[in-house]
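Here are the chains, one letter per residue:
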Amino acid sequence: MSRRFAGFLHHTELWMTIAIIRSDTVKCIKDGLSQVFRNILRTLFGVGSPYNFRLGIYFPQLSRPLQCQLGFIVSDEQALKVMMQFKGSSGTMCCALCRNCVLVSSELDRQDRSLVNFAEHRLGRFSGQTDASVFQSVDYLSSQFGTTSKKEFSRMAQSLGFNHCSHGVLQDLALRGFLKPVGNLMYDWMHCCLVQGVFPLEVNLMLQSLKFAGFSEVPLATFIESCTFPAYISSRAVSGKGVLTRKTEGFHPSASEALSLYPVIRLFVQDLLPTCSHQTFKDMVVSFFALCDFLDLLVGTMTARPDVTADKLSFAASEHLRLFVKAHGAGNVIPKHHYNLHMGGHLRLHNILVNCFAHERHHKDVKKFANASSNVGPSFEKSLMKEMLVLQVHQLETFAYHREGTVFFVEAVKPAPRLIAEEVNTLFNQANLEVNTSLSISLVSGRTCRKGDVVLLLDNNVGKVLMHVNVGGGYLSLISLWESLGDNKFKTSRRNPEWRDSDTIRGCLIYIMDGDNVTVVPQEF
């Protein structure tokens, strides 16, 4: 898949809902979601159905058939367990992509040198699964089912790392021509890093260490509260403000909050470091900075940044795990640390790293229609699918796919004030150019930039956006540039603002205002 096309897959509008089923119904189905997924694949790819997208489906509007194949399966670990028969972290063999990766707590690597526990940072020490070896394992389990005691069979499944599902997707011989349990699998970095993943784990461990050293969470909470976030974050209430003052003890952000907060916490720790001389804390800080470097690269995959390579991702994940073990010990490593080691391989194989942000947003649409419906009878799922189909057709009709990688207005457009129109005409040495304005634009990166946001420009200047205009098909932003004081600090300027091409805006910044002085939070776009 080309990286240019891959960038589209981060848009919610381009993911289709193909099945809706109640969890109560799934519980009544033998082997649950694994059989549901099996039947979805059989329907799409011509196994016992008249449709086969691999050969092509003809549509009247298209001059050629629409063909597709199964590319990758991305989900959280729990979905992989129930859908793909992998035991995951509940199995002795805890990684679906490795044949010899075992739990640290099992200590099996001490008894058998061919086994490696998941705290090992060198991916080369692990033996990779293949599609054939996965099918071999599930076939062996199938052959042993019913021939031994339940306890012995359970121990067998535990050691192999797979569940036996007689009606599951991996048991269907007709699907093996195109289903690749290793080649199609992609760990979701959003869940691995942000949702009960390595980022909140590391922050909580660091906060615990600070408490023992006499520090409290209050300074960090105050620091976060002092930050001003761009409109695309603050308007969705995912800035993470208040995350440390919630009733639940510790640091437990949502995925979007974690994504907003990690550069803020990095700056806080960077400022705190000189006051902490203990080597243990310094090791924790080095590990945390390595995690932030890894997250910077992952954020770069969301916009298909060409400088984010598979080798860089692999090295960053490996280096972070090495430093984490040094700072916190192997006992605090979780399987998601190991799953991160595979992100570089996913990018190398698929030329894209998909995350579940878009799918989580899609799930909210389904829940919105479900909660509004009073019909919970036999046709419940069918009526929901109709609602989703109407929504998705509308989204596809209005989605500006032809504008991907360009600047365009995303809010109501109106004529610019007379004085602004005259100034822009003078700028272009014209007299009658039509000038329109809008509060928000979509940047080249796909992020939204609103009037009042503080932005970083391609020439590394920083300033506040005062206005966006469109003239002659091009987009300009009026920006009040700030004076750089060095070390991420700026002074607000009272000089005349400047017109800049809107496509020279790299991104919108998080910042802390103190009178005329501003501290900008370094971040990747």
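Residues numbered from 1 in each chain as written. Predicted model: local features only at pLDDT ≥ 70, side-chain atom pairs only at ≥ 80, totals over all residues. Heavy atoms only, no water.

Trainee: Explain a positive patch on the surface to me, please; I cannot follow it from the model alone.
Mentor: On the surface, Arg236, Arg361, Lys364, Lys367 and Arg447 cluster together into a positively charged patch. Positionally, Lys364 belongs in helix H17 (residues 357-372). According to the relative accessible area criterion, Lys364 is exposed, its value standing at 62%. (Patch = residues over 30% accessible without salt bridge, like charges linked within 9 Å, V, L, I, M, F, W, Y side chains within 5 Å. Areas by Shrake-Rupley, 256 points an atom, 1.4 Å probe, with all protein chains shown as cover. Salt bridge = Lys/Arg side-chain N within 4 Å of Asp/Glu carboxyl O. Lys, Arg positive; Asp, Glu negative; His and termini not counted. Charge placed at Lys NZ, Arg CZ, Asp CG, Glu CD. Helix = DSSP H or I, 4+ residues; strand = E, 2+ residues; numbered from the N terminus. Buried < 20%, exposed > 50% of the residue type's maximum accessible area, 1.4 Å probe, protein only.)

Trainee: Before we go on, may I ask you to explain the nonpolar core in this structure?
Mentor: Generally speaking, soluble globular proteins have nonpolar side chains that are buried together. Within the largest apolar cluster, 124 residues are counted, with the highest numbers of intra-cluster contacts made by Met84, Tyr187, Leu194 and Phe199. Here this core gets 11 residues from one element, more than from any other, and that element is helix H12 (residues 255-272). Sequence-distant contacts of Tyr187, defined by excluding residues within four places in its chain, comprise Val74, Leu80, Cys95, Ala96, Leu97, Cys192, Tyr339, His342, Met343 and His346. Residues Val435, Met467, Val471 and Leu478 belong to the second largest nonpolar core, which totals 11 residues. (Core = buried A, V, L, I, M, F, W, Y, C linked by side-chain atoms within 4.5 Å. Contact = heavy atoms within 4.5 Å.)

Trainee: Can you help me understand the environment of Leu115 in this one?
Mentor: Assignment of secondary structure puts Leu115 in the loop between helix H5 (108-111) and strand E3 (116-117). The spacing of Leu115 and Leu66 is 49 residues in sequence and 45 Å in space, taken between C-alpha atoms. In contact with Leu115, not counting residues within four places along its chain, are Met93, Asn100, Val102, Leu108 and Asp109.

Trainee: Where do I start with a nonpolar patch on the surface in this structure?
Mentor: Together, Met16, Ile18, Leu389, Val393 and Leu396 make up a nonpolar patch on the protein surface, roughly 440 Å² of accessible area in all. Along the polypeptide, Ile18 turns up in the loop between helix H1 (3-6) and helix H2 (23-27). Given a relative accessible area of 55%, Ile18 falls into the exposed group.

Trainee: Any chance you could explain helix H19 (residues 418-427) here in plain terms?
Mentor: Along an α-helix, a turn takes 3.6 residues, which lines up residues three or four apart on a common side. For H19, the complete set of buried residues consists of Ile420, Ala421, Val424 and Asn425. Along H19, the residues classed as buried sweep out an arc of 135 degrees about the axis, all on the same side. Facing away from the buried side of H19 by over 90 degrees, the exposed positions are Arg418, Leu419 and Thr426. On the buried face of H19, the contacting elements are strand E8 (435-438), strand E12 (462-471), strand E13 (474-481) and strand E16 (498-501). At the C-terminal side of H19, Asn429 shows a positive phi close to 60 degrees. (Arc of directions from axis to C-beta.)

Trainee: Explanation requested: helix H14 (residues 310-328) in the structure shown.
Mentor: In this model, H14 (19 residues) spans 27 Å end to end at C-alpha, consistent with the 27 Å of a helix rising 1.5 Å per residue. Looking at the buried side of H14, the elements it contacts are helix H9 (198-212), helix H13 (279-301), helix H15 (335-340) and helix H16 (343-350). Of the residues trailing H14, Gly329 is marked for its positive phi of about 90 degrees. (Expected span 1.5 Å × (residues − 1).)

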